[in-house]
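Secondary and tertiary structure notes
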Amino acid sequence: MLIFALSSVLLSIATRAVEAQVTVYGQTPLAHQSTAVAEGEAPLPTLAAYDGLVLTPPTPPTPAVTALALNVARDAAAVTGLSIPHTRAGFFGFSVEMSVITQTIGKNSSHLFPTFLNLMANLQERSGSILIRLGGNTQEYAKFTTQVFEDGRITQKEDSGTTQTTETPAVLYTIDLFYMAANISGLVNVDWFLGLPFNDTSTFHLDIAELGQSILGEHLVALQAGNEPDLYGPHNKRTQPYLPVDYSAELDRLFEVVDTNDKMTIKNQFVAPSISASQPEWTPELVWQTGFIDHFKDRLFALTVERYPDNNCFATFGVGRYYDPQENFHTFLTHQTVVDFVGYYGESTRLAQEAGLPFIMFETNTGSCGGFPGISQSYGASLWILDYGFQMANYNFSNALLHIGGQNVYYNPWISPPTNQSNFNEWTVGSVFYSAIIIAEAFGKSGTSRVIDLQSPSAFTPAYAIYEQGTLSKFALFNYIDDPSGANNVNASITVTGGVPASVRVKYYRAESVSSKTNLTWAGQTFGNNFEADGRLKGELNIETITCDTTANVCNIPLRAPSFALVFMDSGSESLSVGQATATFATTAHTRVRNTATIDPSVLATSNGHSGLERQHLGSTSHGSVSAASRRYEIVSVFVVLVSAAVGGFLIGNGVSR
């Protein structure tokens, strides 16, 4: 196994007066001295990201669903209705709210989070690359600053004065944001979307575009021009009525400014319109009818939309209607809601294909305003997100980005522990990250994968076929039903025109129940439960071999209620060997005593072993012991050395891509 060590981190060194303090190293709070976290619980009052609510699964259907018969052609040329080839980044990428970058990716270019790198390495192993967008609501009020923040972070929140439901803060960001992204791309193959602030279109603030292009280079995919402009009016960002023609006029002004900006060398690297489809005057069809596509297609990398299946705004902000998670859980356990939701964009994806533009779901997840307790982190929700991804691919979406909102939302694919618990708790990987891993494995790296919904007669047992290189490659089979009695265990019988192979290999995604939030496994491996993840899959890879009846031309695939199966028709498929990524990342740069990366407490305790003469220039190691009046900072070089056991290379802090 290749280990990358984040072996040296020197953060901002400051000069300040000190007072005598006693510092205790390596002590875990009494309330947390047990190494176990109770199932479904967090060790302190639970933030939404670590929600412990477990719902009651819906009653199994009557009569029971026990069989699924599939008959498909071996050759793609004989199949009507196949999707476009999916050429980029494993389909699911991620949308990271700009205000929570330092909770989810890294503190700065010198302090990248190894857990994040490990998660991305696992995706890269399956798909070759990953798409990440930095933006969201908080991009609208983002502002570049040359100041250096006290704790070395690259972003800082301020009150934006907005009145919208998500109470969006303003975000100040530094140039180190871009060096951090570049450093990440140098380690794992991440390509980036960046969001332009659109709060003031009388004076466009293009620092993020200028710095993104100059520092990220080819790893910058595109710039988002406006985030959910259909909500600008309702959220008081624009004078109403604000309509699609008004947004188009603002885009025209943006491109006029871009054309005169010598710091932006690429003038046609944008995505739009990124509408949420929540306002009747802003349906996709009404936007396209303004001539939007023809007028802007030469400026655009892709057409984008953003949408969630429902919202939790009443519980979070007292706006709209109350959403009862228990009563609505069943809507995340049926293929029909996926078909209805994605089918809304059928005409839009057709027009995108005609224009030669990718069509991307730029922000989505289980529910807006933070998702739903009990649902968003459940195994059932991850089945639904996986089905949703396959259905979008079936409808010719090019990619979709799962949103990450921080510790106050339920649906995060991953999240760090609260700051005051980071010494003794690890990260939490949400159930929907498994969805991203699985669909990446299903589509693989060939860039030729095409998918088709096989129109299962039961909404509880959707099925898809995936073709690569013009030949049947895999099946994706679902059983949404929760039935511990086994009465709804399904036998999926696969018949192939031209004959089935002698055997197939199967990877299963499993949990005890659709409501489970713990002990989720993909091919026998898991990232761990809440506060247990370091980004690496744990456990032995388990791939089942099923013998087919070549005489009867049938392969019988068992589907426990509930479960998901990825069936490999080619037993020599490269994807079969993929488990934990071969390259992993660790660090000795922090003081967690229970995590995989540690520092010897004796070294830490003597790390300020300077002479008395030198100590007058050092700050205390006890937080808050120096008064604000005495703080005088003298920032010295900030750097990190990442050592690769494979190539022996190294990457030095801000020096990447300069």
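The structure under discussion appears in the preceding block.
Attention in this report is confined to the structure presented alongside it. (Residues numbered from 1 in each chain as written. Predicted model: local features only at pLDDT ≥ 70, side-chain atom pairs only at ≥ 80, totals over all residues. Heavy atoms only, no water.)

**A closer look at the packing of helix 2 (residues 114-127) against helix 13 (residues 431-443)**
How two helices sit against one another is set out by the angle between their axes and by the gap between those axes. Inclusion rule: Note on definitions: angles span 0 to 180 degrees between N-to-C directions of axes, and those axes are lines fitted to C-alpha atoms, for helices only across the stretch in contact. The way it works is that DSSP assigns letters per residue, a run of H or I at least four long becomes a helix, a run of E at least two long becomes a strand, and they are numbered from the N terminus. Working rule for angles: under 35 degrees goes down as roughly parallel, over 145 as roughly antiparallel, 65 to 115 as roughly perpendicular, anything else as oblique. Crossing handedness follows the turn of the near helix against the far one: under a right angle anticlockwise gives a left-handed crossing, and clockwise gives a right-handed one. Only heavy atoms enter the contact rule, under which two residues are in contact if any of them lie within 4.5 Å. Under the scheme applied, nonpolar residues are Ala, Val, Leu, Ile, Met, Phe, Trp, Tyr, Cys and Pro; charged residues are Asp, Glu, Lys and Arg; polar residues are all the others, including Gly.
At their nearest, the axes of helix 2 and helix 13 sit 8 Å apart, and the two run at 25° to each other. In terms of their interaxial angle, helix 2 and helix 13 are classed as roughly parallel. Of the two possible hands of crossing, helix 2 and helix 13 adopt the one that is left-handed. On helix 13, the residues that touch Leu 119, Met 120, Asn 122, Leu 123, Arg 126 and Ser 127 of helix 2 are Phe 433, Ala 436, Ile 437, Ala 440 and Glu 441. When the residues that make up the contact of helix 2 with helix 13 are grouped by side-chain class, the tally is 7 nonpolar, 2 polar and 2 charged.

**Side note on the environment of Ser 202**
Basically, it comes down to this: Working definition: with a 1.4 Å probe on protein chains only, accessible area under 20% of the residue-type maximum means buried, over 50% means exposed, and in between means partly exposed.
Structurally, the position occupied by Ser 202 is in the loop between strand 11 (190-196) and helix 4 (207-216). Judged by its relative accessible area of 64%, Ser 202 is exposed. Between the C-alpha atoms of Ser 202 and Leu 254, which are 52 residues apart in sequence, the distance is 9.2 Å.

**Some thoughts on the pattern of salt bridges**
Rules: When a carboxyl oxygen of Asp or Glu lies within 4 Å of a side-chain nitrogen of Lys or Arg, that pair is called a salt bridge.
Here the structure, examined in full by the defined rule, presents 16 salt bridges. With its nearest N and O atoms 2.8 Å apart, the salt bridge here joins Asp 534 to Arg 536. Neither Asp 534 nor Arg 536 differs from the other in exposure class; each is buried.

**A few points about the state of the cysteines**
Threshold: Any two cysteine sulfur atoms within 2.5 Å of one another count as a disulfide.
Across all of its chains, the model carries 2 disulfides by this definition. Each disulfide in the chain links cysteines that, numbered along the sequence, combine into the pattern 1-2, 3-4.

**Observations concerning the environment of Tyr 242**
This is how it is decided: Polar contacts here mean pairs of N or O atoms no more than 3.5 Å apart (in protein, one a potential hydrogen donor and the other a potential acceptor; neighbouring residues in sequence count only if both atoms are side-chain atoms).
With respect to the helices and strands, Tyr 242 occurs in the loop between strand 12 (220-225) and helix 5 (244-259). Beyond its immediate stretch of four places on either side in the chain, Tyr 242 contacts Pro 229, Tyr 232, Tyr 247, Glu 250 and Trp 282. Of the polar contacts made by the side chain of Tyr 242, one reaches the side chain of Glu 250; its length is 2.7 Å.

**Some details on the side chain of Asp 483**
Summarising the element assignment, Asp 483 is placed in the loop between strand 21 (471-479) and strand 22 (490-497). A distance of 2.5 Å separates the side chain of Asp 483 from the side chain of Ser 485, its partner in a polar contact. If we ignore the near neighbours within four places in the chain, the residues touching Asp 483 are Pro 60, Asn 488 and Ala 561.

**Thoughts on the packing of aromatic side chains**
Formally: What counts as a ring pair is set by centres within 6.5 Å for rings of Phe, Tyr and Trp (its six-membered ring), and what kind of pair is set by the plane angle: stacked under 30 degrees, edge-to-face over 60, tilted for all other angles. Any Lys NZ or Arg CZ found within 6 Å of a ring centre and within 35 degrees of that ring's normal is scored as a charge over the ring.
For the coordinates displayed, the defined rule picks out 45 aromatic pairs. Ring geometry for Phe 433 against Phe 527: centres 5.5 Å apart, planes inclined by 75°, an arrangement best described as edge-to-face. Separated by 94 residues along the polypeptide, Phe 433 in helix 13 and Phe 527 in the loop between strand 24 (521-522) and strand 25 (544-547) bring together distant segments of the chain. Each member of the pair, Phe 433 together with Phe 527, is buried. Consider the rings of Tyr 434 and Tyr 509, whose centres lie 5.5 Å apart with planes at 20°: the pair is stacked. One end of the pair, Tyr 434, is in helix 13; the other, Tyr 509, is in strand 23 (residues 503-510), with 75 residues separating them in the sequence. Of the residues examined, Tyr 509 reaches a relative accessible area of 0% and is grouped as buried. By way of ring pairs, the aromatic residues Phe 198, Phe 204, Tyr 232, Tyr 242, Tyr 247, Phe 255, Phe 270, Trp 282, Trp 288, Phe 292 and Phe 296 are connected into one cluster. It is Arg 307 that lies over the ring of Tyr 344; its NZ or CZ is 4.4 Å from the centre. When the ring centre of Tyr 508 is taken as origin, the NZ or CZ atom of Arg 510, which lies over that ring, is 4.0 Å away.

Taken by themselves, the reported measurements are silent on function.
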